[in-house]
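# Secondary and tertiary structure notes
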Amino acid sequence: MQGAPFADRARVDALEKVLGKPIYGADMPLPGMLHAITVPARIAKGRMTALPIESAMRVKGVVRVFTPDDFGPAPVPPAGRYAPPPPMLIWDITFRGQPVALVVAETLEAAIEAAEVIRPEFEEQPFSVLADADNGVVRDAVDDVAAGNTMAELARAAIVIDQTYTSPTQHHNTMELLSTTAVWAEGRLTVHEGTQRSSGVQHDLARALGIDPAIIEVKSAYVGGGFGQRGPTQCQTAIVARAAMILGRPVKLVTPRSQIFHVATYRPMSVHRIRLGADAEGRMVAVRHDAEQEQSRLGMDPPPDRYHDAPPRIYGIPNYLGTSTYLRLDRQNPGFMRCPHPQPALFAFESAIDEMAIALGRDPVEFRLANGATTDPLTGNPLSSRFLDECLAEGARRFGWEQRNPLPRSMTAADGTQIGWGVAAGAYPSMMVPSIASFRVSADGSARIALSGHEMGQGIRTAIAQAVLKHIDIDAERLEIAIGDTSRAPQHITVGSWGTAGAVPAAEAAARRMRARLIELLDGRNVAGNAHRQLAAVRRPYLDVEVAQTAPGQDREEALSALRRGGYAVGGPEYPGFTAMSYIAHFVEVRIEPRTRRIRVPRVVSIADCGRVISPRTARSQIYGGVVWAISATLREETEIDPRFGGYLNCDFADYVVAVNADIADIEVGLIDKPDPMANESGLKGLGEVVMAGGSAAIANAIHHATGVRVRHLPIRIEDLL
Amino acid sequence: MQPIRYIRPSTVREAIAAHASLGDGARYIAGGTTLYDLMKLNIERPTGLVDVTFIEGLETIDTSGDTLRFGANARMADVATDPIVQSQYPVLSEALSKAASQQLRNMATVGANLLQRTRCMYFRNGYGGASGGAADYPCNKRIPGSGCAAIGGLDRGQAVLGVSDACTAVSPGDWPVALVAMDARIEVAGPGGERMLPISELYPLPGETPHIEFTLEPSEIIVGIVIGKNAAGARSTYHKIRDRESFAFALASAAVALEMSGDRVNAARIALGGVATRPWRADAAEAMLIGSDLTDDLAMAAGRAAFADAVPGRSNGFKVELGARTVADAIMIAAARRPL
Ligand SMILES: Cc1cc2nc3c(=O)[nH]c(=O)nc-3n(C[C@H](O)[C@H](O)[C@H](O)COP(=O)(O)OP(=O)(O)OC[C@H]3O[C@@H](n4cnc5c(N)ncnc54)[C@H](O)[C@@H]3O)c2cc1C
């Protein structure tokens, strides 16, 4: 196992994507399709008292307007009450923009026009949407995360950094809009939708509509960006499916971006107070991390204690105390957005590490290297692999770190531009999910593998192809990789950087088993050619194998049954006997213009440790994407909320500022590519999330080095440096 | 469906007649990049469109005589890359090329550009269209008399100059700022005949009537833009500071053109964008420069003078400092350019 490094391979679906061939959910051409649009609530909290639809029905082309009267009460979900948004139309309004009606028409234009003339009546109640408002926010703490005796050690520490860092509300803004296309035909419901969780959607739909999951298929072959926003079932999906079932025609809803801001998940604002103590010798001894995060009134995701996933597992700091609090508000549920918890948590923690290094007069790279770790203080178990020191050393070498003058404001260009070099580390749990893979190789030259996974641009098909082709000689051009389709294989949610760990070990196992079956079949005969030729020679039209794979330590039956039911079955990062984390080191140069104080990022070097690299090309792309987003999240992105109204003011691409090409300069990336001996048979760890971890702190640390100004909130904007 | 009459005249006279015949709901349309956007937001609901892009000769760029003349239909991209404009009037070329995106500049026209409407989020993102937000924000531009949500609200992007109790919305365009610095005149034609309008007179202050954004009379059409050739053009720049390096409106911008002998400033033209309710001529800053030797400190003092009358709101106070520095930077960039 865990043999030689993988060679570079072009994305297997690059050409078809460039040619525009893949069919995304909203592009599925279907005869007789109807178009839908939702009507948003124009209050932040209260009740809809009347919903007149006569004028909408008079718009030519309108087929039907669905109201809460067309839906029964929402079924009680396993966890209790539905956190907003509810999966159907209801009269009670718990956040601004909650859908209150669905207009279905022969054309999109008619649907929009009718939606615009609907003027529901509401009874509004007082509401609170911002945690800094003086009333209305409910603080709801969960259990602490603790190792050692933090408060005593902090009291004894020679030096303590005590600072608070804030990260704003941000929205994913995937390029592809959220959409649902539902078809009810011959007693079966088919849903085409870009989701990261097709089996989960299938089972949620069954619950919401009161039908058997066996008659539902969810197809998500390509997703135009997920980043966690397409993890939960969208509030629209069951509504659109019900409309299709009642009308007996396919119904499509593409949610306008302004409405996505209001109904889908987002990265919640979070506040992190860090107390970091070091002893007289400069060893870090204790951390207290108080994390607070926006949440809806009833929601549980994302859980705030997961802000403590990464910080304790980067350095050998034996004492850690993490507190975690929901700030409950009249908002829709937040969710998981790329690098969900470590992004804000490590902006805080890795800024504090920088502040500590400066306070101790230590070089921030050397200081990090001197505080290396081999165990997870939360469990006492060893870290399965930690090549962070290699990332730091390699990054420092490529960046030219030894040229850095440690004094803030010491590096100034001839025109007065201030130059700053910053570093930060990142970590993210390396998790693994079960998979059932069925693999067929045919004598006619084709092959197909069906398994769990969703392609969101990260290149999972290429990773699966790498895994299969490593073990068996087949025609790569004719290998079909079926993922995201509940009718082909049960689909686990693809998030949390576990997509590759969920798919590749299973694909490798399937390919190995196929080769073994073939050898058995040939029974000692020496047949030339690839597997297809060999099958043809022995007159076997095809061979099928199926394998089931679970994470280390998982109860096999339980995990596979959860997978089949569209549930979660996540192994790690705490496995029996070890903890697995991925790591990264970011080195950033910033330049601050002397007069107007514009912040530019001319170069970044980022080196990642994700165990064995399965697909070098798409892995490098993941790092580029993570760094770009780190720049965007640090210097650009913030969703703005006016507490007098609720909702989101800058709810489109014109006003929600994401980084553009002109904001991005040189990004150099590298991968350590050393297999993790314990994480899984392939030796891989997750990558897609860790690439962003620590990036914000590296930029903030560079800005401090350039200017002497420590900014402890995001985004860092021009006015922070004037 | 709301029916829209669509008319495609081939002369200015026909266009005016068509527009007048369609009544209040009539709109001229050129590249459509402003109008369609506002229609999707339900801010504009025209009942008739008069497409001016088929009017012959309206896209001409003429730099041969004593003036620069741009037909109203000249594309932003074409004017930005005209060799004379680029080399002798960088302030004009840069104001265009730093606006919007290449795709938009290929569609959008320099005449209609003068009539774009504010980017104030409360104005644009109020409830109304499927692409709008979910709140009915009071907005005196959108619904006269309804109030202003930006005052006392999220006002980081709002104006600090020329504001009133009814409105603080920024005049968004870059090109109009450069034209104000260049003392451009607008050729206008209407049912009552033709007239030349100094660009500074196109834009009223918001006062109590912020919904009145332009001084054009009903059915008047912009035919062209005329700029007297001047020596300052060669020593000029349009400096634009924004929340990202491309594809964003200005937080603060400055159009600066100078005539100098040695270090001494003989003439200065300075206008501001992103900070005011109309394209803003900064006379006080100009006066401070003229007749003096240019230094960094003088440039900064001129920048500060430009904002002496600023009235900041809750969170846009930084625009006073940023704006002053942007002016100072622009003055030094312009000064470093050598006349041909
Ligand atoms: C995403 C985006 C980003 C942008 N960024 C910037 C930026 O950074 N800086 C900037 O300055 N601008 C920016 N713009 C605005 C852009 O410059 C204007 O939309 C464009 O110049 C308008 O030209 P048009 O020909 O498309 O106008 P249209 O949309 O056709 O018309 C605009 C207005 O002018 C009227 N009109 C058209 N022709 C005439 C005429 N001949 N006489 C009288 N009235 C007429 C129309 O009725 C309408 O009211 C941006 C626009 C978009 C959509």
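Attention in this report is confined to the structure presented alongside it.

About the criteria used
Residues numbered from 1 in each chain as written. Chains lettered and ligands numbered in written order. Predicted model: local features only at pLDDT ≥ 70, side-chain atom pairs only at ≥ 80, totals over all residues. Heavy atoms only, no water. Core = buried A, V, L, I, M, F, W, Y, C linked by side-chain atoms within 4.5 Å. Buried < 20%, exposed > 50% of the residue type's maximum accessible area, 1.4 Å probe, protein only. Domains from an automatic or database assignment. Contact = heavy atoms within 4.5 Å. Near = heavy atom within 4 Å. Polar contact = N/O pair within 3.5 Å; in protein donor to acceptor, adjacent residues only side chain to side chain. Areas by Shrake-Rupley, 256 points an atom, 1.4 Å probe, with all protein chains shown as cover. Helix = DSSP H or I, 4+ residues; strand = E, 2+ residues; numbered from the N terminus. Nonpolar A, V, L, I, M, F, W, Y, C, P; charged D, E, K, R; others polar. Lys, Arg positive; Asp, Glu negative; His and termini not counted. Salt bridge = Lys/Arg side-chain N within 4 Å of Asp/Glu carboxyl O. Buried area = accessible area lost by both parts, 1.4 Å probe.

This brings us to the nonpolar core. By size, the foremost hydrophobic cluster in this structure holds 88 residues, and its most contacted members are Leu276, Phe349, Phe587, Val590 and Ile703 of chain A. No fewer than three residues from each of domain 2 (270-430 + 576-720) and domain 3 (432-569) of chain A sit in this core. The residues touching Val590 of chain A, leaving out its near neighbours within four places in the chain, are Gln418, Ile419, Gly420, Arg600, Val601, Pro602, Ile699, Ala702, Ile703 and Ala706 of chain A. Membership of the second largest hydrophobic core comes to 54 residues, among which are Ala15, Phe70, Ala99 and Val177 of chain B.

In this section: the site of the ligand. Residues and elements named next belong to chain B. Near the ligand there are 27 residues, and of these Tyr28, Ala30, Thr33, Thr34 and Asp174 occur at the shortest range. A distance of 2.7 Å separates an oxygen atom of the ligand from a polar backbone atom of Gly32. Contacts to the ligand include Lys240, whose side-chain N or O atom sits 3.0 Å from an oxygen atom. Protein burial of the ligand: of its 990 Å² of free accessible surface, 92% is covered by the chains. Those elements that place two or more of their residues in the shell around the ligand are strand S2 (26-29) and strand S8 (221-228). Sort the elements by how many residues they give to the shell around the ligand and S2 lands first, with three residues. Tallied by class, the residues present in the shell around the ligand amount to 16 nonpolar, eight polar and three charged.

Residues and elements named next belong to chain B. Mapping Arg142 onto the fold places it in the loop between helix H7 (121-124) and helix H8 (175-181). This buried residue, Arg142, is left without a salt bridge; Asp136 holds the nearest opposite charge, at 7.9 Å. One polar contact links the side chain of Arg142 to the main-chain carbonyl oxygen of Phe123, over a distance of 2.8 Å. In this view, Arg142 contacts Leu41, Asn42, Ile43, Phe123, Arg124, Asn125, Gly126, Tyr127 and Gly128; residues no more than four positions away in its chain are not counted.

Moving on, we get to the interface of chain A and chain B. Contacts between chain A and chain B engage 44 residues on the former and 45 residues on the latter. Both sides of the chain A and chain B interface together cover about 3,700 Å² of buried area, and 55% of this is carbon and sulfur. If you look at where chain A meets chain B, you find six salt bridges. Taking the shortest distance from any N to any O, the salt bridge between Arg595 of chain A and Asp329 of chain B comes out at 3.0 Å. Where chain A touches chain B, the interface holds 15 residue pairs in polar contact (both at pLDDT 80 or more). Of all elements in the fold, only strand S1 (34-40), helix H3 (108-117) and helix H7 (257-263) of chain A reach the threshold of two or more residues within the side of chain A that touches chain B. Looking at the side of chain A that touches chain B, its residues break down into 20 nonpolar, six polar and 18 charged.

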